[in-house]
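Chain residues, written in single-letter form:
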Amino acid sequence: MSFYDACKAVVVSVTAIFTLPFHLVNDGSNQAVLSLGKINGGKDYLKFPAPNGPDSGENFTCEYPALGSGWEKCTTAEDRSCWIKNPTTGQTFDIYTDYENIAPEGITREYYLDVDEMPINGDGVFNPDGKVFNQTYPGPWLKACWGDTIKVTIKNSLKYNGTTIHWHGIRQNGTMEMDGVNGVTQCPIAPQDNYTYTFKAVQYGSSWYHSHYSLQYADGLAGPITIFGPSSSNFDEGRNPILITDWSHASAFQAWQRELTGKPSPPKMNGVLINGVGNYAGSFPTERYNMTVEQGKKYILRIINTSVDTTWIFSIDNHNLTVMSSDFVPITPFNTTHIVIGIGQRYHVVLNAIPTNTDTLPASADGNYWIRTVAADGCKGFENGNEPDERQGILRYNSSSTNVPTTFRDDYSLACRDENYTKLEPILRWDVPKVNFSEGPFDIGLQNAKGRPAQGDNFAFWSFGANPLWLNFSNPTIMNLENTTWNPDYVIVSDNTTDSDPNDPERWVYIVITAPSNNGVPSDKFFVSAAHPLHLHGHDFALLAQGNNSADLQQGNVTFKFDNPPRRDVALLPAGGYLVVAFKADNPGAWVFHCHIAWHASSGLSIQILERQKDLVKMMTEERLKEPTRVCDNWNKWVSDPNNHWNPNGPFQDDSGI
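Conventions used here
Residues numbered from 1 in each chain as written. Predicted model: local features only at pLDDT ≥ 70, side-chain atom pairs only at ≥ 80, totals over all residues. Heavy atoms only, no water. Helix = DSSP H or I, 4+ residues; strand = E, 2+ residues; numbered from the N terminus. Buried < 20%, exposed > 50% of the residue type's maximum accessible area, 1.4 Å probe, protein only. Contact = heavy atoms within 4.5 Å. Areas by Shrake-Rupley, 256 points an atom, 1.4 Å probe, with all protein chains shown as cover. Lys, Arg positive; Asp, Glu negative; His and termini not counted. Charge placed at Lys NZ, Arg CZ, Asp CG, Glu CD. Disulfide = S-S within 2.5 Å. Phe/Tyr/Trp six-rings, centres within 6.5 Å; stacked < 30°, edge-to-face > 60°. Lys NZ or Arg CZ within 6 Å of the ring centre and 35° of its normal. Pairing = 2+ DSSP bridges. Axes fitted to C-alpha atoms, helices over the stretch in contact; angles between N-to-C directions. Arc of directions from axis to C-beta. Salt bridge = Lys/Arg side-chain N within 4 Å of Asp/Glu carboxyl O.

(A) Broad picture of the overall build of the protein chain. For the protein chain, the helix and strand inventory stands at six helices and 40 strands. Dimensions of the protein chain, computed from the C-alpha atoms along their principal axes, are close to 65 × 65 × 55 Å. For the protein chain, buried positions account for 61% of its 658 residues. Taking the contacts inside the protein chain whose residues are at least 6 apart along the sequence as the reference set, 77% of them involve residues at least 24 apart. When the accessible surface of the protein chain is summed, it comes to about 24,200 Å², and 47% of that surface belongs to carbon and sulfur atoms. For the protein chain, the distance from the average position of its 48 positive side-chain charges to the average position of its 71 negative side-chain charges is 2 Å.

(B) Region of the structure containing the state of the cysteines. Tallied over the entire structure, the rule returns four disulfides. Through a disulfide, cysteine 74 is tied to cysteine 82; the S-S separation comes to 1.9 Å. The chirality of the disulfide connecting cysteine 74 with cysteine 82 is left-handed, given an S-S dihedral of about -75 degrees. We classify cysteine 74 as buried; its relative accessible area is 9%. There is a disulfide in this structure between cysteine 379 and cysteine 416, and the S-S distance comes to 1.8 Å.

(C) Representation of the packing of aromatic side chains in the model. This model, assessed by the stated rule, comprises 29 aromatic pairs. Considering the side-chain rings of tryptophan 167 and tyrosine 209, the 5.7 Å spacing of their centres and the 35 degrees angle between planes classify their relative orientation as tilted. Of this pair, tryptophan 167 sits in strand β12 (residues 165–167) while tyrosine 209 sits in strand β14 (residues 205–211), placing them 42 residues apart in sequence. Accessibility assignment for this pair places tryptophan 167 and tyrosine 209 in one class, buried. The ring of tryptophan 141 is capped by lysine 143, whose NZ or CZ atom sits 4.4 Å from the centre of that ring.

(D) Examining the sheet that holds β12 more closely. Pairing in this open sheet of four strands is mixed, and the strands run β10-β15-β14-β12 from one edge to the other. On the outer flanks of this sheet lie β10 (142–145) and β12, each paired with one strand and no other. Along the sheet, successive strands turn relative to each other by an average axial angle of 20 degrees, direction set aside.

(E) The sheet that holds strand β6 (residues 108–117), seen in detail. Overall, mixed pairing links the four strands, which are arranged β9-β6-β11-β13 in an open sheet. Both outer strands of the open sheet, β9 (131–133) and β13 (194–200), are each paired with one neighbouring strand and no more. If you compare each strand with its neighbour and ignore which way they point, the axes differ by 20 degrees on average. Across seven bridges, strand β11 (residues 149–156) lies against β13 in antiparallel orientation. Of the residues in β13, the one forming a bridge with lysine 151 is threonine 198.

(F) Highlighting helix α2 (residues 252–261). Looking at α2, one finds that the buried residues are Ala252, Ala255, Trp256 and Leu260. Along the axis of α2, the buried positions cluster into a sector of 160 degrees, meaning they face one direction only. Looking at the residues trailing α2, positive phi occurs at glycine 262, about 75 degrees.

(G) View of the pattern of salt bridges. Overall, the coordinates contain 26 salt bridges when judged by the stated rule. Lysine 131 serves as the salt-bridge partner of aspartate 219, at 2.8 Å between the closest nitrogen and oxygen. Here aspartate 219, found in the loop between β14 and β15 (222–228), pairs with lysine 131, found in strand β9; they are 88 residues apart in sequence, far enough to count as distant. Judged by its relative accessible area of 0%, aspartate 219 falls in the buried class. Using a relative accessible area of 9% as the deciding quantity, one classes lysine 131 as buried. We note a salt bridge from arginine 409 to glutamate 390, for which the minimum N-O separation is 2.7 Å. With arginine 409 in the loop between β28 (391–396) and β29 (442–443) and glutamate 390 in the loop between β27 (368–375) and β28, this residue pair connects regions lying 19 residues apart in the sequence. Taken together, the shared-partner salt bridges in this structure form one network comprising Glu237, Arg239, Glu294 and Lys297.

As structure tokens, then:
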């Protein structure tokens, strides 16, 4: 089944490049990313504290015993571009290292997370149906160093839900079964069962882990993860990750009915939280997110948007930020007073703790400044006129101060958008082969799907492909890899790569997507003006073009950037606009490409890109499938008993599954 025929939403002539040496071995333990090999380093090996910061508690230590002796750390406040080096051999791991192909061999980091229920009071109102990791919200900060192996065991202590955990932005090269998407890479983990995710920390930077089971992450199943490594801009100290989310006082599972019916209105969020603390419209919080800094120092901030339905503009009054990575991609640093963060996007920025002082925006006399999270116009999940205060946190130069800031922000644009396309220049260069986009693009829209979730229903669902995604939890894609035909509800699309020449250096996948704002083309879909933050699993993609008017594509008025284009794993498809991306077909797997507005993902706005199917069949040996099979067996036993369901007499599944 071809990419064009099956998807009906993406286009084009497809080729692919294999730049990663992908080794298939009989025991299923293939590792697509090269390492230096294991060396018995004895006691004399490199250890050093990761540059995280004093608010992180005890130092987190990076260790490289497999490298042997002779290595030393080279990351300093004066030069964060270097990570480790061997003066004798001249080998260096730094910001210029090809992290897609090579990483230093670290150690194994093991974590245990218990998924359970807990009421959450982040803004003065209890959400009684919270779902959390280890009885905390957000979940624990998982840490690793560049080149480590991360091993996380998840126990499901929920009563009525399965769960799976996705490691957002981690490429999972050669480890599809660790991607954590129920119905695709595994069955859900049944209540009282567990599953261990194991993967390599080849990329570095910060992201988040979250449930990919229906709407669970909207109820609190999210936490930060950082892989310490080099940075393209210098800093003195680190600060803990900053997770920003819109928030509801009721479960998203309840609000989902409003998304289906539109009655009395589509679901709306109540407030905003920074690291679990915030306020809602009309409230004055007794507790705010606080950050204390020392004048003259530079601090790395790890900013992550974990929202359901809101793009945020982050800023700190009277302060400049130096942006040095977008998602997991190090970029050439640039300075700004604010940063636009779409759902699922992440930025590492350096806060320069030297307040600006102008006639229009004078510095604070008492050293207190507002930290702002401004909801972007047209990309926010709040009722008009009922939005929470944008002044959500306080930056203090005096930790004992309790004063409320009186500062003001810049008059920056509040438009829904991504960060400026031209500013995101990756340090590790990609030059994408040029192609002519001869096929016309297809469109994201809504269409009616009969019999979902129950017989007799005929609701409108969002669709990316030929029809809205609707997965079967009990029959995931990973258990059907030798299929030649697929259930159309799975929206499987082939990457169109062939095995004629596995060493062909021109193997890429190109995707063109549009979001028209009217019904000007014949289709079984109808279109509304809406923006969509689109996230691709298994890959970073090159952003070849992005614009606000989809007609420009049809009229040939789009200039594509093939020479080192911006690169990331989440990008905004503007309302009425277009998005053109490309990625290397170097990672066999079934990878979902979906909207990260939680309501839209649940509605089915996703496709599955089946990449290098023949290699995937070889890779997923019987031995490697033993654990996914066990998890499926336990899930099927649990779900087959209606007494385990929230509603024993109604349909168990009422959304796409993701």
